[in-house]
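# Secondary and tertiary structure notes
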Amino acid sequence: EAGVAQSPRYKIIEKRQSVAFWCNPISGHATLYWYQQILGQGPKLLIQFQNNGVVDDSQLPKDRFSAERLKGVDSTLKIQPAKLEDSAVYLCASSLFHDTQETQYFGPGTRLLVL
Amino acid sequence: AQSVSQHNHHVILSEAASLELGCNYSYGGTVNLFWYVQYPGQHLQLLLKYFSGDPLVKGIKGFEAEFIKSKFSFNLRKPSVQWSDTAEYFCAVNARHYGGSQGNLIFGKGTKLSVKP
C-alpha cells in the first residue's frame, strides 16, 4: 500500500515570497491533516479536513496560511507571504476513519527554509 | 488544554542496554495514546498505540509501552536496544469523545535516542 505522498521535499524561499505544498493521502483515507514541525519541537496541527470539508483550522494563521482539499483527495497548503518563523517541516497525515480508534499515517514532509 | 511532556531530550545508551522513555500527558478524559518514531532521514512511523483494554501494549521491533491511568503516563520501553534504534521518539495523545476522536494529535517535543555500538 502506498503511503502519504508529499512534494516538494525541500523548498528555500525568501521572506515575503509565497510557497505551496502538495499532499496525496493514502487511498481511501477520508481524513487529512497538515502539521507544522519547528526544529526541536513536536508536530503541531494546522488544519484538519474530513473529505473536502474543514473540521478544525483553529491553529491556522489565516492571515498568511491557506489550505484546500478539492474533491476530498489531494490537498495543498499555501503560505503567502512567508515569514522567517515559518521555517519548519510541514507534515501531511491521513487516516481511514475519524472514529474512536483512529490512527494517523504521516508523509515524509516538506522542509521549508525562509531566508 | 491537552499537553504532552517528554522529560528526556537526549538519551545516549550502549547497545544491549535497557530503554525507558517517559511520557506524561494532561487531560482528564479518555485518551488514545501513541508512540511514533522518526529514523534519520525518514518520516514519522507508528511504533505502537493504545486505545483501550490491556494497558501493556506491544509494538514493532520489540518496543512496548504501559499506560498507567493514575499517573497519566505512557512510558516506552525496550529491554535491549540496538544501534538501529537510533532515532527520535515522539509521544502523542488525542482526546476521545463520544462518537469519535478529537483527531488532533498533541505531540511531545520528542526524545532523541543515540545508541552507541
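Refer to the structure above for everything that follows.
As a starting point, this report considers the structure included with it. Counting restarts for each chain, with residues numbered from 1 along the sequence as it is written. All chains are assigned letters beginning at A, and all ligands numbers beginning at 1, according to the order in which they are written. Where local features are concerned, this predicted model is filtered to residues with pLDDT of at least 70; where side-chain atom pairs are given and counted, the filter is 80 or more; whole-chain, interface and lining totals use all residues. As a rule here, side-chain values come from all non-hydrogen atoms in the structure, and water together with hydrogens is ignored.

### Observations concerning the sheet that holds strand β3 (residues 19–24) of chain A
Residues and elements named next belong to chain A.
- Any two strands are treated as partners once DSSP identifies two or more bridges connecting them. Numbering of helices and strands runs from the N terminus, with a helix taken as a DSSP run of H or I at least four residues long and a strand as a DSSP run of E at least two residues long. In space, the four strands of this open sheet follow the order β1-β3-β8-β7, with antiparallel pairing throughout. Bordering the open sheet on either side are β1 (5–7) and β7 (65–68), each of which pairs with just one other strand. The sheet shows a mean angle of 15° between the axes of neighbouring strands, taken without regard to direction. Each axis is a line fitted through C-alpha atoms, taken for helices only over the stretch in contact, and angles between the N-to-C directions span 0 to 180 degrees.

### Looking at the pairing of strand β13 (residues 111–116) of chain B
Residues and elements named next belong to chain B.
- Side chains of β13 alternate between two faces, with T111, L113 and V115 buried and K112, S114 and K116 left unburied.
- Two elements, strand β2 (residues 10–14) and β13, share five bridges in a ladder whose sense is parallel. Along β13, the bridge assignment pairs V11 with L113. For each residue, the accessible area found with a 1.4 Å probe, counting protein chains only, is set against the maximum for its type, and the residue is called buried under 20%, exposed over 50%, and partly exposed in between.

### Here's the deal with the pattern of salt bridges
- Salt bridges are defined as contacts in which a side-chain nitrogen from Lys or Arg sits within 4 Å of a carboxyl oxygen from Asp or Glu. A full pass over the atoms with the stated rule returns six salt bridges over all chains.
- Linking D57(A) and K62(A) is a salt bridge whose minimum nitrogen-to-oxygen distance equals 3.8 Å.
- Ionic pairing is found between K58(B) and E64(B), a salt bridge with its closest N-O pair at 2.9 Å.
- With relative accessibility at 65%, the residue K58(B) sits in the exposed group.
- One salt-bridge network, in which partners are shared between bridges, spans K58(B), E64(B), E66(B) and R77(B).

### A look at the side chain of Q36(A)
Residues and elements named next belong to chain A.
- By the element assignment, Q36 lies in strand β4 (residues 31–37).
- When its relative accessible area of 9% is taken as the criterion, Q36 is described as buried.
- Polar contact criterion, stated in full: a pair of N or O atoms within 3.5 Å, where within protein one must be able to donate a hydrogen and the other to accept it, and residues adjacent in sequence count only if both atoms are side-chain atoms. In this structure the side chain of Q36 is engaged in a polar contact, spanning 3.0 Å, whose partner is the side chain of Y90.
- What makes two residues a contact is simply this: any of their non-hydrogen atoms within 4.5 Å. For Q36, the contacting residues outside a window of four places in its chain are G42, P43, K44, L46, F65, D86, A88, V89 and Y90.

Functional significance is not addressed by these values, which are geometric in nature.
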